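Summary of structural features
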Amino acid sequence: MKRILKLIGVLIILLPVSVIGFLYFKFPNAEPAPEISVGNNPERIQRGKYLANHVSACMDCHSIREWSKYSGPLIPKTLGEGGEVFDQKLGFPGSFVAPNITPSALGKWTDGEILRAISSGINKEGNALFPVMPHPAYGQMDKEDLISIISYLRSLEPIEKKNPTSKPDFPFNLILRTIPSPAKFGKLPDKNDKVSYGKYLFVAAACTECHTKQDKGKPIAGMELAGGFEFPLGNGTKIISANLTPDKETGLGNWTEAQFVKRFKEMELPKYKPHSIKEGEFQTIMPWTMYAGMTEEDLAAIFAYLQTVPAIQNKITN
């Protein structure tokens, strides 16, 4: 009997060790970084600049935002230097720091390694990246668009800045290894197919990430795009994401295309001057000034797509 109990004790000790070992050897699951060269074509760089600043909004997290102003507009001289922290105060399972993505930091990365990081969530060292950078969404974009973003990153002004290393909490550090997966690149639709084109932009902007309520990190089925995702702001207050479905009472069902486009374009810099926010006043993490830089045509396409998703009644109050 003692021998059996001893054996059980050994198994209790070894089982977690074997599971941890399996996760470390088996995951993350991703293909080797491809061998590509993005070049420095001016048109490609311009396309990448548009995507990185106004659609996929890479610069949102990889720059410093001025949170004393409404919507936290970017501080221009920090473009790409990283440093934004997403930690336990904001509801994250660890402390995740946006890295420097200017040429001074990416100089030793190959173009293929950058592509793999953006689209599959695997960094140069082969470690998993937390999807606060929504690589599952970016991995559905047209490969050419991602190459354009990389071309733009290569053109940024180098900034010498070393940011702290991200540190996921246990046991999420193990779960994180299972999240990355090989990209499933899509194709940029024809602009004449307004709904499909709008859906592509919507995915590229990863809007679903913030506008779908979650339970323990997983989207709640039946609540897709109905809002309700809560963002604690670290100062004791929180905001809740809006309902984007065409529900007439609680969503965008009574909005017109013109109203939707205007809502964004009225926040476009430099016409819009972000006002100062005092303690206790309403603030938002929505990077309005970035998305406002989208063309009216692209915003109208996103609205057209949103009108096709299922209407879900979910009243949001901020």
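You'll find the structure just up there.
A short tour of the structure in this document, coming up. Because the structure is a prediction, the values reported are computed rather than measured. Counting restarts for each chain: residues are numbered from 1 in the order of the written sequence. Owing to the predicted nature of the model, reporting of local features is limited to residues with pLDDT of at least 70; listing and counting of side-chain atom pairs is limited to 80 or more, with chain, interface and lining totals taken over all residues. With hydrogens and water set aside, each side-chain value is computed from the structure's full complement of heavy atoms.

Focus: the pairing of strand 2 (residues 94–97)
The test is simple: Here a strand pair is declared whenever DSSP counts at least two bridges between the two strands. The helix and strand labels rest on DSSP assignments: H or I over at least four residues marks a helix, E over at least two residues marks a strand, and numbering proceeds from the N terminus.
Two elements, strand 1 (residues 85–86) and strand 2, share 2 bridges in a ladder whose sense is antiparallel. Paired with V85 across the bridge in strand 2 is V97.

Quick look at the packing of helix 11 (residues 257–265) against helix 13 (residues 296–306)
Inclusion rule: Lines fitted to C-alpha atoms define the axes, with helix axes restricted to the stretch in contact, and inter-axis angles between N-to-C directions lie between 0 and 180 degrees. Should an angle fall under 35 degrees it is taken as roughly parallel, and over 145 as roughly antiparallel, whereas 65 to 115 is taken as roughly perpendicular and any remaining angle as oblique. Handedness of each helix crossing follows the sense of rotation of the near helix against the far helix: counterclockwise by less than a right angle gives left-handed, clockwise gives right-handed. Two residues form a contact once any of their heavy atoms are found within 4.5 Å. Amino acid classes used here: Ala, Val, Leu, Ile, Met, Phe, Trp, Tyr, Cys and Pro are nonpolar; Asp, Glu, Lys and Arg are charged; the rest, including Gly, are polar.
In the contact formed by helix 11 and helix 13, the axes pass within 9 Å of each other and the chain directions differ by 130 degrees. Between helix 11 and helix 13, the crossing angle belongs to the class labelled oblique. For the pair helix 11 and helix 13, the crossing hand works out as right-handed. Across the interface between the two elements, E257, F260, V261, F264 and K265 from helix 11 touch E296, L299, A300, I302, F303 and L306 from helix 13. Classifying every residue of the contact of helix 11 with helix 13 by side-chain character gives 8 nonpolar, no polar and 3 charged.

Here we look at the sheet that holds strand 1
Within the open sheet, the 3 strands sit side by side as 1-2-3. Their pairing is antiparallel. Sheet topology places strand 1 and strand 3 (167–168) at the edges, where each strand pairs with a single neighbour. Note that strand 2 and strand 3 share 2 bridges and pair antiparallel. In the sheet register, S95 faces strand 3, and the bridge partner there is K167.

A look at the nonpolar core
To be explicit about the condition: Residues belong to a common nonpolar core when they are buried Ala, Val, Leu, Ile, Met, Phe, Trp, Tyr or Cys residues joined through side-chain atoms within 4.5 Å. A 1.4 Å probe rolled over the protein chains alone gives each residue an accessible area, and that area as a share of the maximum for its type sets the label: buried under 20%, exposed over 50%, partly exposed in between. Either an automatic procedure or a domain database provided the assignment from which the domain bounds are taken.
Residues M59, I149, L153, F202 and L306 are the most contacted members of the largest nonpolar core, which totals 55 residues. Elements supplying a minimum of two residues to this core: helix 2 (42–55), helix 3 (58–61), helix 5 (111–120), helix 7 (143–155), helix 9 (194–204), helix 11, helix 12 (288–291) and helix 13. If you tally residues by element for this core, the top one is helix 13, at 7 residues. Among the domains, domain 1 (33–186) and domain 2 (189–317) are the pair contributing at least three residues each to this core. Among all residues touching L153, those that are not within four sequence positions of it are M59, I101, P103, L106 and I114. Among the nonpolar cores identified, the runner-up in size contains 5 residues, and F96, F130, F172 and L176 belong to it.

Some remarks on the layout of surface pockets
Over the atoms a probe the size of a water molecule is rolled, and this reveals where empty space is left. Stated formally: A pocket here means an open set of points on a 1 Å grid, computed over the protein atoms alone, that has protein on both sides within 12 Å along at least five of seven lines. A cavity is instead a set of points where a 1.4 Å probe fits but cannot get out; residues with an atom within 4 Å of a point line either one. Grid points are joined across faces, edges and corners, and a volume is the space filled by probe spheres set on the points.
What the second largest pocket holds in volume is close to 290 Å³. Lining the second largest pocket are K49, N53, H54, L74, I75, P76, L79, Y152, L269, T289 and M290. When residues of the lining of the second largest pocket are traced back to their parent elements, those giving at least two are helix 2 and helix 12. Split into classes, the residues belonging to the lining of the second largest pocket amount to 7 nonpolar, 3 polar and 1 charged.

Notes on the packing of aromatic side chains
What counts, and what does not: In summary, the pairing rule links any two rings of Phe, Tyr or Trp, Trp by its six-membered ring, whose centres are within 6.5 Å, and it sorts them by plane angle into stacked for under 30 degrees, edge-to-face for over 60 and tilted for everything else.
Applying the stated rule across the entire model yields 11 aromatic pairs. With 5.4 Å between their ring centres and 55 degrees between their planes, F202 and Y305 make a pair best called tilted. Taken together, the positions of F202 in helix 9 and Y305 in helix 13 put the pair 103 residues apart, joining distant regions of the chain. Seen in terms of ring centroids, F260 and F303 are 5.2 Å apart; in terms of plane orientation they differ by 40 degrees. Their pairing is tilted. With F260 in helix 11 and F303 in helix 13, this pair connects stretches of sequence that are 43 residues apart.

Considering the pattern of salt bridges
The test is simple: Here, a salt bridge means any Lys or Arg side-chain nitrogen found within 4 Å of an Asp or Glu carboxyl oxygen.
Under the criterion given, the structure shown has 12 salt bridges. When the shortest N-O distance is used, the salt bridge between K194 and E257 registers 2.8 Å. With K194 in helix 9 and E257 in helix 11, this pair connects stretches of sequence that are 63 residues apart. A relative accessible area of 34% means that K194 is categorised as partly exposed. K265 serves as the salt-bridge partner of E268, at 3.0 Å between the closest nitrogen and oxygen.

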